[in-house]
Amino acid sequence: MSGVSVEFQKVGKRFGNRTALAAVSGTLRPGQVLVVAGPNGAGKSTLLNILAGVLRPSRGEVVYRGSDGTVPRAHWFEHLGMAAPDMAVYEELTALENLRLFARLRGLNRSDADLAALLEELGLGSREHSRLVGTYSSGMKQRVKLAQAVLHAPAVLLLDEPSSNLDGAGHDAAAGLVARLRERAAIAVATNDPRELAWADARIDLAL
Amino acid sequence: MRASTLLSEILAVLAKELTAELRSRVALNAIGLFGLTTLIAVAYQIGPYQIQEQDRPHLLSALLWIILFFAATSGLSRVFVKEEDAHTAKTLRLAARPLAVLGGKYLFNLLLLLALYALIVPLYCALMGYAVRGVGGLLLVLVAGAVALAATTTIVAAIIARASGSTTLFAILSVPLVLPLLVMLIQGTRAAAASSELAVVLPALQGVVSLGGAVMIVSVYLFPVVWHD
């Protein structure tokens, strides 16, 4: 199967004297969902940030491997989609304007109809598309965040608490999205939600 | 394979900045309010008649740039801090090439500066009785100044955003970069006011363009490191 796998070997992170993440190893493989579980403060988000390349590990290394060989760190973001609690979309733009922006930044030629269909897949009806995101509820913002993460059908998808702020229907929409993308993407999900733990093909349990 | 060019990505960031700014007007209000307040205070206290004739070229050109620079600082410094505050920085970092972000933010700051100049400079000339003989020379100095100041403030804003967004730090980091620039801009403005010959502003222009160009080149190499690490 073509795609990108992410291998991480003895990856750890320290902030000063505090160990945020002990040495963790594993592989994200295309077609698989790796669930990262553990109590608050165990380092789930830290691990995902390291895998995304937005945080440098204090030890160990991460390698993105594509069909043409190792992907340089500067190009990881081209293969990557991510949604996390510390990420937001632009509140001064509408949902559709946000997706248009991220599509242009990723070099995609997507019609408004395509973008609207993605928002509707995540449960945002057409009436909401032209409202400023700043006027949305936190659950609706989470749906737009998920939409920007999967807009480009990424080869690597990192989801940190994807169902946070979502109601039952929102969780089902997120689950449907993961089910659609897991055919070809390597997916990591940081969660303690029992419904998301069930998505796992592989699992890492982090401890404090 | 990316279908877009760097230019189209830069323009996407610029369009986002402009749309967001026109809806929130945070930077426009900050620089407009600061610029007008300072200008009116200076005009009220000094006006066109409180300065000796022989001191006018020096003092009026210096006062103009002091007003322009400090008004600009109040708005331009937030261009990256606002992304960190709104938690959009990480989303942008994972979606865009660093140079697209730098280019878009730079062009946004440049447009803000030009808007500030368009508001303040004619009012300043009218309120302070500042007669400029070389309007073409002054325009060249203003545009070169905007290009160089926008480059400087953009990279400094990027650095301070990663250092928890201190506007005090913005001022401290800006001083060594901006001071020589301001000195040359004041010299160029004084020369333009005194003569209609374009040649008189060339020495100052060369300095401004050289310094602005150097800052831009350094920014292109420095920004990806600042932005990602």
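Residues numbered from 1 in each chain as written. Chains lettered and ligands numbered in written order. Predicted model: local features only at pLDDT ≥ 70, side-chain atom pairs only at ≥ 80, totals over all residues. Heavy atoms only, no water.

The helix and strand inventory of chain A stands at 7 helices and 9 strands. By the compact-globule yardstick of 17 Å for 208 residues, chain A fits well, its C-alpha radius of gyration being 17 Å. Along the longest, intermediate and shortest principal axes, the C-alpha atoms of chain A span 45 × 35 × 30 Å. The buried share among the 208 residues of chain A stands at 53%. For chain A, restricting intrachain contacts to residue pairs at least 6 apart in sequence, the fraction spanning at least 24 positions comes to 72%. (Helix = DSSP H or I, 4+ residues; strand = E, 2+ residues; numbered from the N terminus. Rg over C-alpha atoms; globule rule 2.2 N^0.38 Å. Buried < 20%, exposed > 50% of the residue type's maximum accessible area, 1.4 Å probe, protein only. Contact = heavy atoms within 4.5 Å.)

What follows covers the environment of I50 of chain A. Residue and element names in this part refer to chain A. Along the polypeptide, I50 turns up in helix α1 (residues 44-52). A residue is classified by how much of its surface remains accessible, and I50, at 1% relative accessible area, is buried. Between the C-alpha atoms of I50 and G12, which are 38 residues apart in sequence, the distance is 9.0 Å. Leaving out residues up to four positions away in the same chain, I50 has contacts with V11, G12, K13, L21, L55, P57, V62 and W76.

Here the focus is the interface of chain A and chain B. The partner chain B presents 26 residues to the 28 residues of chain A that form the contact. In this assembly, chain A packs against chain B so that about 2400 Å² is buried in total across both faces, 61% of it on carbon and sulfur atoms. Contact with chain B buries surface across chain A, with F77, Y90 and L105 of chain A losing the most and accounting together for 28% of the total. Here chain A is connected to chain B by 2 salt bridges. Its salt-bridge partner being R23 of chain B, residue E97 of chain A comes within 2.7 Å of it at the nearest N-O pair. Where chain A packs against chain B, one counts 10 residue pairs in polar contact (both at pLDDT 80 or more). In terms of residue count, the dominant contributor to the side of chain A that touches chain B is helix α3 (residues 95-105) of chain A (5 residues). Across the side of chain A that touches chain B, the residue classes tally to 15 nonpolar, 5 polar and 8 charged. (Buried area = accessible area lost by both parts, 1.4 Å probe. Salt bridge = Lys/Arg side-chain N within 4 Å of Asp/Glu carboxyl O. Polar contact = N/O pair within 3.5 Å; in protein donor to acceptor, adjacent residues only side chain to side chain. Nonpolar A, V, L, I, M, F, W, Y, C, P; charged D, E, K, R; others polar.)

With that out of the way, let us pick up the environment of G53 of chain A. Residues and elements named next belong to chain A. Among the structural elements, G53 can be located in the loop between α1 and β4 (59-66). Judged by its relative accessible area of 8%, G53 is buried. With 139 residues separating them along the chain, G53 and N192 place their C-alpha atoms 23 Å apart. Contact partners of G53, with chain neighbours within four places excluded, come to R73 and W76.

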